[in-house]
Amino acid sequence: MSDILIVDDERDIRELISDILEDEGYTTRLAGNSDDAMKEINGEPPALLILDIWLKDSRMDGIDILKAVKRDNPDVPIIIISGHGNIEIAVAAIKQGAYDFIEKPFNIDQLLVVIRRAMETSRLRRENTQLKRKETASAEMIGQSAAFRTLVGQLEKVTKSNGRVMLSGPSGVGKEIAARYIHGNSGRKGGPFVVVSSASIEPDRMEEVLFGRETADRGVEPGLLEEAHGGVIYFDEIADMPVGTQSKILRVLVDQQFLRVGGTDKVRVDLRVISSTSRDLESEIAAGRFREELYHRLNVVPIAVPSLEERREDIPHLAEYFIAEFNRTQGLPLRQLSDEAVALMQTMNWPGNVRQLRNVIERLLILGDGTGEIEARELPGEEEKSDEEGRVVLSGVLATMPLREAREAFEREYLLTQINRFGGNISRTAQFVGMERSALHRKLKSLGVVTTNKAGARVATVEDEDE
């Protein structure tokens, strides 16, 4: 981009600057008053703006235009020029976001140096932003289970709209990855993806962080809402947002504009809002901790992200992905998982869900021996489950039962685990446990084990005796 808009009420000055810049290979546009300037800016923001402070016969002076441009197009660098320059004006311009201030009559070589620096700074900012956006878009959804396919199908539908999405599910299931998937596959993928960590921001700083602030000594400091302009803002764990801030966010959703803390000019933003929660928001509303109207504004499209327990079939795929990722990013060994390790991982409890699985894989690669297969004995807690001879340690509960009851309890828990490991697929379960499918069905019926649909997958549970 080399398009420069020159705004000066003196025709000779703006044409002189234009001729010089065009000789240097830049494209220029000219405006002699504030109305023409704002028309040019609103039509197509320039790569750089050269702006005179004093504009005769104009509704706005240079500082007013500077504020408006920095509000709506903060990435456009602005060089202020003035024939009545003084330190106070220069300081005021810089505080409002100007790149530099040059006093008339100016040295052409000096002006060109400042322009080149401003354009280079703007280019580096754009490249940095683009790199961050590419990193955002690279967030991958990994899995093949029925529950995973149902989730992806729902996410695909909302990528085509601009509707607000509420992602729910336990901690660690990958709600942010789902939000990034929506962003990376939507019409806003070229825009920013800004995360608001509601739980980690101090309540008394929440409004400054979100809305930004304006002070006499530091000028304009944009907040996260401005940073997300043209893209997606993701409210992580929205239930942790202070009640007072909730009402102001509600107003932003309605008006798509807000005031910075300490400011007087309204800031317009174009945002798509995605939120997430691991809590029951209806219970939070009943307890007076969450505004009901905000809930209905955010919960336009509710999507439940399944726990790892509901998609055990995906554990091997996720584990392999994390191993490859740690090898690429940290240089950790590229190890394979043994069949026994895979089977055990699919039967373990994962209260921390995908995040816990990722941490376990990282630990195995850091502390593991060599580059051979990852064995079941390396998994956390396994050293406590068997003695030196490899014998299974009997739990206290089973040890107090008669043989028949203990055997039934073991069979029930074992088959529940295996069925859920294979996503409710009875044929695969029968093959693994070494039973005929018809025999397995009879065994399940005798043990009171039934399969039901949950999150798009078949899940085995114990039948309620009261039913």
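Look up: the structure comes first, before these words.
Residues numbered from 1 in each chain as written. Predicted model: local features only at pLDDT ≥ 70, side-chain atom pairs only at ≥ 80, totals over all residues. Heavy atoms only, no water.

J.: Would you mind going over the packing of aromatic side chains in detail, with residue names and values included?
T.: For the coordinates displayed, the defined rule picks out 5 aromatic pairs. A centroid spacing of 5.7 Å and a plane angle of 55° characterise the contact between F422 and F432, whose relative ring orientation is tilted. In this pair, F422 is assigned in the loop between α17 (403–421) and α18 (426–433) and F432 in helix α18, connecting sequence segments 10 residues apart. Judged by its relative accessible area of 40%, F432 is partly exposed. (Phe/Tyr/Trp six-rings, centres within 6.5 Å; stacked < 30°, edge-to-face > 60°. Helix = DSSP H or I, 4+ residues; strand = E, 2+ residues; numbered from the N terminus. Buried < 20%, exposed > 50% of the residue type's maximum accessible area, 1.4 Å probe, protein only.)

J.: An account of the sheet that holds strand β7 (residues 193–197) is needed here, citing residue identities and associated values.
T.: Read across the open sheet, the 5 strands follow the order β7-β10-β13-β6-β14; overall the sheet is parallel. The sheet is open, and its two edges are formed by β7 and β14 (301–304), each paired on a single side. On average, each strand axis in the sheet is tilted by 20° relative to the strand beside it, whichever way the strands run. In the sheet, strand β10 (residues 232–236) pairs with strand β13 (residues 272–277) via 4 bridges, with the strands oriented parallel. Paired with V232 across the two strands is R272, which belongs to β13. Helix α6 (residues 146–159) contacts β6 (165–168), β13 and β14 of the sheet and is inclined by roughly 155° relative to β14. (Pairing = 2+ DSSP bridges. Axes fitted to C-alpha atoms, helices over the stretch in contact; angles between N-to-C directions. Contact = heavy atoms within 4.5 Å.)

J.: Describe the sheet that holds strand β4 (residues 78–82), listing the residues and the values that go with them.
T.: With parallel pairing, 5 strands are arranged side by side in an open sheet as β2-β1-β3-β4-β5. Here the strands that pair on one side only, and so sit at the sheet edges, are β2 (27–31) and β5 (100–103). Ignoring which end each strand starts from, the neighbouring axes of this sheet average 20° apart. Bridge analysis of strand β1 (residues 3–7) against β2 gives 5 bridges, and the strand direction is parallel. When the bridges of β2 are listed, I4 appears paired with T28.

J.: Talk me through the environment of P333; I want residue IDs and the actual numbers.
T.: Relative to the helices and strands, P333 resides in the loop between α13 (315–330) and α14 (339–347). Taking the relative accessible area as the measure of exposure, P333 reaches 23% and is therefore partly exposed. Taking the C-alpha atoms as reference, P333 lies 9.8 Å from L364; in sequence the two are 31 residues apart.

J.: Got a sec to walk through the nonpolar core? Specific residues and values, please.
T.: Within the largest apolar cluster, 31 residues are counted, with the highest numbers of intra-cluster contacts made by L210, I233, F235, I238, I249, F290 and L298. Of all the secondary-structure elements, those providing two or more residues to this core are β7, α8 (206–211), α9 (224–227), β10, α10 (243–255), α11 (281–286) and α12 (292–298). Beyond its immediate chain neighbours, meaning those up to four positions away, I238 contacts M166, S198, S275, S276, T277, L281, F290 and L298. Counting residues in hydrophobic clusters, the runner-up holds 25 residues, among them L332, L357, I361 and L365. (Core = buried A, V, L, I, M, F, W, Y, C linked by side-chain atoms within 4.5 Å.)

J.: I'd like a rundown of α13, residues and numbers included.
T.: Here α13 contains 16 residues, and its C-alpha end-to-end distance of 21 Å stays within 8% of the 22 Å for a straight helix at 1.5 Å per residue. Within the sequence span of α13, burial applies to I315, P316, L318, A319, F322, I323, E325 and F326. Just downstream of α13 lies G331, where phi reads positive at about 75°. (Expected span 1.5 Å × (residues − 1).)

J.: Which residues make up unusual backbone geometry, and what values do they have?
T.: With the exception of glycine, the majority of residues adopt a negative phi angle, and the majority of peptide bonds are in the trans configuration. Of note, the amide linkage connecting K104 to P105 takes the cis form, showing an omega dihedral of -10°. By the secondary structure assignment, P105 is in the loop between β5 and α5 (108–137). In this structure, Q256 is a non-glycine residue whose phi angle is positive, near 55°. Of note, Q256 is situated in the loop between α10 and β11 (257–259).

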